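# Structural overview for review
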Amino acid sequence: MIGTGYVGLVSGTCFADIGNQVICVDKDTNKINKLNLGKSPIYEPGLNELIKKNYQAKRLIFTTDIEKAINQSDIIFICVGTPSKKGSLKVDLSYVMSCVREILRFTKKKKIIITKSTVPVGTGDIIESILKKRKKLFSVISNPEFLREGEAIRDFKFPDRIVIGSNDKKIFTIMKNLYLPLINKGAKFLVTSRRGAELIKYASNAFLATKITFINELANLCEKAGVNIEDISLGMGSDSRIGSRFLRAGPPYGGSCFPKDTKGLISAAEKYKIKLPVVKTVIKSNQNRIHLLIKRINKILGNNLKNKKISILGVTFKPNTDDMRDSSSLKIIPYLCKKGASVNYYDPSGEKKDFSKIKNCFFKKDIKENCKNSNLVILLTEWDEFKSIDFKKIIKNKRIKIFDLRNLYNTEEMKKSKIEYYSIGRPNSN
Ligand code: NAD
Ligand code: UGA
C-alpha cells in the first residue's frame, strides 16, 4: 500500500487481517515511526487494535523504504491523496504520478498496479503510458475504495460492492481471489473497464452529495412551510427506488472527498466538452449553505456577536474521525471570532491545530467546561456523547440557547426544559 492515510492504512490493515502479507509505505516519517510504536496516526474506531493484532502476527509492516516495499510486493495499491488543485476544479495527480515514477524506477519483476486513490476517468491510461517503456512488467487496474471515515473497518470488510476495472480480463481472477473472504460474506464483485471503474467512484460520490444537498434545500423549505424535514426524509426514503440513507439534513456536506470529487467530476467531464449542470449546482448550493447557517446564528443572537460566549460541540466533519478536511467548523469558528464572539469548542477527537492561532477561540477538555455560561451552544457534529447532555444542569446561564445543526435533540423536550432551541428543517426551528 503506497500512502498510509485514511484509505491506505485501513485497507492495508484489513487486507492483513484476512491473511495477506502487507507492507504499508509512506513518505511521512512521523506517521511510520508512530505506527512502528504500535500507535495509529489517525483516529478510526477499532483501528489501533487491528493494527496491533496484525503487526504482532507479522502480517503488517510499516516502512518509508519505497524501493523495498515495491520489490517485495506482487500487488501495489496506490493510496495517496488526490486533492483539488488550489483555486481550481482540477484534480492534483502529482502524488499519484510520483508513485508511478517510483514504481517504474524500482520494479524488477511483474507487478499489478492498482489505483485505489480516487482518480479521474482516463488516469489509468496515463499511468500505463508512463509505464509503457517496461509494459510487460505491469498491469494497471482500477479498484476504487468506497469506505467512509468513522465506519471504515466495517465498510472495508463488508462492502456493498467491490469494483474492479481492467482492460486485461486475466486480472479479474487474481482480484477475485484477493477479495474472496469479503465476497464469501456477501460483497458483490463487479467487473468493468478501467475507465468504467474510475467513473463509478466519482458518480457515486457526486450522487450521494446530490442527495444530501437535495434534502438540505428541502429543509430550508420545511422551515418556512411548517413541516418536519425528518418526515420528508422518512416518507421519501421509504420508497425503495430512493432509499433512506444520506437523507439527513444538516450543515453543508464536508470531508476529504465529496467537496473535491464533485469538482473533480466536473473538470474530468470538461475534458470531453461535457457539462454537468446538476453537479455544478450541488457544489454551489453546498457552498451557499454555510452562509445561510451563519445568517441564522446571527439572527439567534440578535445580530450582535460582540462579546457573546458561544460553545461549539464537535468540530470534525463527521463523528468518529479526527479528520477536519472541509469541516463546517473551519468556516464558522473563524467567522464568529472575527465578529467579536468568544468561542469554546470541544471535540472527542481532541484539540485542533486549525484553531490554535485564532484569538478568542479555546479548546475545552469536556462538555461541561465547554458549555458553561454560554449564550449559545452550537451542535455541529453528532458524536454519540452529545446525545444525552443535560444542558440545564451544565449551563449556568438561565437563558440557554441551542442551535442543533444535526437534529440530535427533541423539540418538545427542549421546550419542556425551557431551552430556546433551534434546529434544521423543523416547524418553528427558525
Ligand atoms: P491521506 O491524505 O489521509 O493519505 C495519503 C498518504 O499518502 C499520506 O500519508 C501521504 O504522506 C502519503 N503519500 C503521498 N505521496 C506519497 C508517496 N509518493 N509515497 C508514499 N506515500 C505518499 O489520504 P486519504 O484520505 O487516505 O485518501 C487517499 C485517496 O483515497 C484519495 O484519492 C481519496 O479520494 C481516496 N479515498 C478516500 C477515502 C476516505 O475516507 N478518506 C475513501 C475512499 C477513497
Ligand atoms: C464518503 C462516502 O460516503 C464514501 O463512500 C466514500 O468512499 C468517501 O466519501 C470517499 O470517497 O472518501 P466520508 O466522506 O468519509 O465518505 O463520510 P460520509 O459519511 O459520506 O459523510 C460525508 C459528509 O456528508 C459529512 O459532512 C456528513 O455529515 C454529510 N452527510 C452524510 C449529511 O450531511 N447527511 C447525510 O445523510 C449523510
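Summed over all chains, the structure comprises 12 aromatic pairs. Geometrically, the ring pair formed by Tyr-253 and Phe-258 is edge-to-face, given 5.9 Å between the ring centres and 85 degrees between the ring planes. Taken individually, Tyr-253 and Phe-258 each receive the classification buried, so the pair is uniform in this respect. Seen from the ring of Phe-146, Arg-161 lies directly overhead, with NZ or CZ sitting 3.6 Å from the centre.

Throughout the structure, instances matching the rule amount to 22 salt bridges. Across the pair Glu-223 and Arg-296 runs a salt bridge, and its minimum N-O distance is 3.2 Å. Of this pair, Glu-223 sits in helix α9 (residues 194-225) while Arg-296 sits in helix α12 (residues 277-300), placing them 73 residues apart in sequence. One exposure class covers both Glu-223 and Arg-296, and it is buried.

Here we have 6 strands laid out as an open sheet, ordered β10-β9-β8-β11-β12-β13, and parallel in their pairing. Each of the sheet's edge strands pairs with one partner strand only, and the pair in question is β10 (361-363) and β13 (420-422). Averaged over all pairs of adjacent strands, the angle between strand axes in this sheet comes to 20 degrees, irrespective of strand direction. As defined by bridge partners, strand β12 (residues 401-404) adjoins β13 across 3 bridges and the pair is classed as parallel. Looking at the pairing, Phe-403 lines up with Tyr-422 of β13. Relative to the sheet, α12 contacts β11 (376-379), β12 and β13, its axis offset from that of β12 by approximately 170 degrees.

Let us now look at the nonpolar core. Counting residues in hydrophobic clusters, the biggest one holds 37 residues, and the most contacted among them are Phe-77, Met-175 and Tyr-179. Element by element, the count of residues in this core is highest for helix α8 (residues 170-183), at 7 residues. Excluding anything up to four places from it in sequence, Tyr-179 contacts Phe-15, Phe-77, Lys-116, Asn-143, Phe-156, Ile-162 and Ile-164.

Let us now look at the site of ligand 1. Near ligand 1 you find 28 residues, and of these Asp-26, Lys-31, Thr-82, Glu-149 and Lys-260 are the closest. Between Val-7 and ligand 1, the recorded distance is 2.8 Å, taken from a backbone N or O atom to an oxygen atom. Separating an oxygen atom of ligand 1 from a side-chain N or O atom of Arg-325 is a distance of 3.0 Å. For ligand 1, the accessible surface in isolation is 830 Å², of which the surrounding protein chains cover 91%. Among the secondary structure elements, those contributing two or more residues to the shell around ligand 1 are α1 (6-17) and α5 (94-106). Partitioned by chemical class, the residues of the shell around ligand 1 number 9 nonpolar, 9 polar and 10 charged. Counting contributing residues, the shell around ligand 1 receives three or more from each of domain 1 (6-192) and domain 2 (206-284).

Conventions we followed
- Residues numbered from 1 in each chain as written.
- Chains lettered and ligands numbered in written order.
- Predicted model: local features only at pLDDT ≥ 70, side-chain atom pairs only at ≥ 80, totals over all residues.
- Heavy atoms only, no water.
- Phe/Tyr/Trp six-rings, centres within 6.5 Å; stacked < 30°, edge-to-face > 60°.
- Buried < 20%, exposed > 50% of the residue type's maximum accessible area, 1.4 Å probe, protein only.
- Lys NZ or Arg CZ within 6 Å of the ring centre and 35° of its normal.
- Salt bridge = Lys/Arg side-chain N within 4 Å of Asp/Glu carboxyl O.
- Helix = DSSP H or I, 4+ residues; strand = E, 2+ residues; numbered from the N terminus.
- Pairing = 2+ DSSP bridges.
- Axes fitted to C-alpha atoms, helices over the stretch in contact; angles between N-to-C directions.
- Contact = heavy atoms within 4.5 Å.
- Core = buried A, V, L, I, M, F, W, Y, C linked by side-chain atoms within 4.5 Å.
- Near = heavy atom within 4 Å.
- Polar contact = N/O pair within 3.5 Å; in protein donor to acceptor, adjacent residues only side chain to side chain.
- Areas by Shrake-Rupley, 256 points an atom, 1.4 Å probe, with all protein chains shown as cover.
- Nonpolar A, V, L, I, M, F, W, Y, C, P; charged D, E, K, R; others polar.
- Domains from an automatic or database assignment.

Scope: geometric values only; no functional claims are made or implied.
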